[in-house]
Amino acid sequence: MITAMKKFLLLAAAAIMAAGALQAKTADELRIYLNPGHGSFTSGDRPLNTINHTNTTSLADTLGFYEGRGTLPRAFGIGSYLKQVGVKAENIVYSRVANGPWPHNSEHANDFNRSLAEICEEVEAGNFDMFISSHSNAATDGTTTNYPLYLYRGQDGAGGDQVAGSRDMAATTWPYHHMNADLEPQTAYLTSTNLRGDWDFYGSHSVSTRSNGKQYDGYLGVLKHGVPGYLLEGFFHTYQPARHRALNFDYDRVEGIREAR
């Protein structure tokens, strides 16, 4: 525990200093915002077929794959580990703490599928030091593609991040996530990283203005704020073994713990 705490404090201090903070913070002073992506059990939550659960067209139940069904326990895994290394529970904020509700066409079906602008406003107002958004990815060829993708607001390459420290955070966590994740078949990024600025990855960007008058230029709506951080596409849910593993809440939580480490 002491070793893990020291390592976390060093990484946290490095990220904050890279972001231009005037002084380093101890773990109990850090404020971290965790965004488990999606979560509404609707067509926007990327339902996919799994064994005995045909969800792609019918949205029949909540036991098949939905992206938000896996990202929530991942975020809980991150938060659980952060508390173990000294971050105060009250300083860890989640954009949502539940999925659903069901059925997908009910009056409150989108209660936990918050708007990205609303999330950004909350991040802006909360005096946070770090921001992490958990997602999973999709590919046309779902049989062979499976690797992580870190996205930060800005351009590719060192110094391309629009919030200083964001790319460094992604680069620091890349080897721990990539080397420990079940990413077979590992045909890509065995000796390199996959850290991308959203400007270059998506080929466009636009400016959004927050209620405090500050303007942020980016592509991904959930990153249009001033807190250093990234969006992690942890695996490809179109790769069937990864999709079925993600149905296990314990597996998802362990993935979150790996990311926190």
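Before going into details, it helps to say that this report is about the structure given with it. (Residues numbered from 1 in each chain as written. Predicted model: local features only at pLDDT ≥ 70, side-chain atom pairs only at ≥ 80, totals over all residues. Heavy atoms only, no water.)

### Observations concerning the overall build of the protein chain
At step 1: Helix and strand content of the protein chain: 7 helices and 8 strands.
At step 2: A separation threshold of at least 6 residues defines the contact pool for the protein chain, and within that pool the share at least 24 residues apart is 72%.
At step 3: With an accessible surface of roughly 11800 Å², the protein chain has 53% of that area assigned to carbon and sulfur atoms. (Helix = DSSP H or I, 4+ residues; strand = E, 2+ residues; numbered from the N terminus. Contact = heavy atoms within 4.5 Å. Areas by Shrake-Rupley, 256 points an atom, 1.4 Å probe, with all protein chains shown as cover.)

### Here we look at empty space enclosed by the protein
The method is simple in principle: a probe with the dimensions of a water molecule rolls over the atoms, and the space it marks as empty is what remains.
At step 1: In the structure shown here, the tally under the stated rule is 3 cavities of 30 Å³ or more.
At step 2: Its volume calculated, the second largest cavity comes out at about 50 Å³.
At step 3: Along the walls of the second largest cavity sit Phe 131, Tyr 152, Arg 153, Val 163, Ser 166, Leu 223, His 225, Val 227, Pro 228, Gly 229 and Tyr 230, which together make up its complete lining.
At step 4: In terms of residue class, the lining of the second largest cavity is made up of 7 nonpolar, 3 polar and 1 charged. (1 Å grid on protein atoms, 1.4 Å probe; cavity = no way out; pocket = protein on both sides within 12 Å on 5 of 7 lines; lining within 4 Å. Points joined across faces, edges and corners; volume = space filled by probe spheres on them. Nonpolar A, V, L, I, M, F, W, Y, C, P; charged D, E, K, R; others polar.)

### Observations regarding the sheet that holds strand β3 (residues 130-137)
At step 1: Here we have 6 strands laid out as an open sheet, ordered β2-β1-β3-β8-β4-β5, and mixed in their pairing. Because the sheet does not close on itself, it has two edges, and the strands there are β2 (92-94) and β5 (195-197). With direction set aside, neighbouring strand axes in the sheet form an average angle of 25°.
At step 2: In terms of strand pairing, strand β1 (residues 32-36) meets β3 through 5 bridges, oriented parallel. Pairing of Asn 35 across the sheet is with Ser 133, part of β3. (Pairing = 2+ DSSP bridges. Axes fitted to C-alpha atoms, helices over the stretch in contact; angles between N-to-C directions.)

### Thoughts on the nonpolar core
At step 1: By size, the foremost hydrophobic cluster in this structure holds 22 residues, and its most contacted members are Leu 34, Tyr 150 and Tyr 230.
At step 2: Those elements giving two or more residues to this core turn out to be β1, α2 (67-84), β2, β3, β4 (149-152), α4 (166-180) and β8 (229-236).
At step 3: The biggest single contributor to this core is α2, with 4 residues.
At step 4: The next biggest cluster of nonpolar side chains, apart from the first, holds 12 residues, and it includes Ile 119, Val 222, Leu 223 and Val 227. (Core = buried A, V, L, I, M, F, W, Y, C linked by side-chain atoms within 4.5 Å. Buried < 20%, exposed > 50% of the residue type's maximum accessible area, 1.4 Å probe, protein only.)

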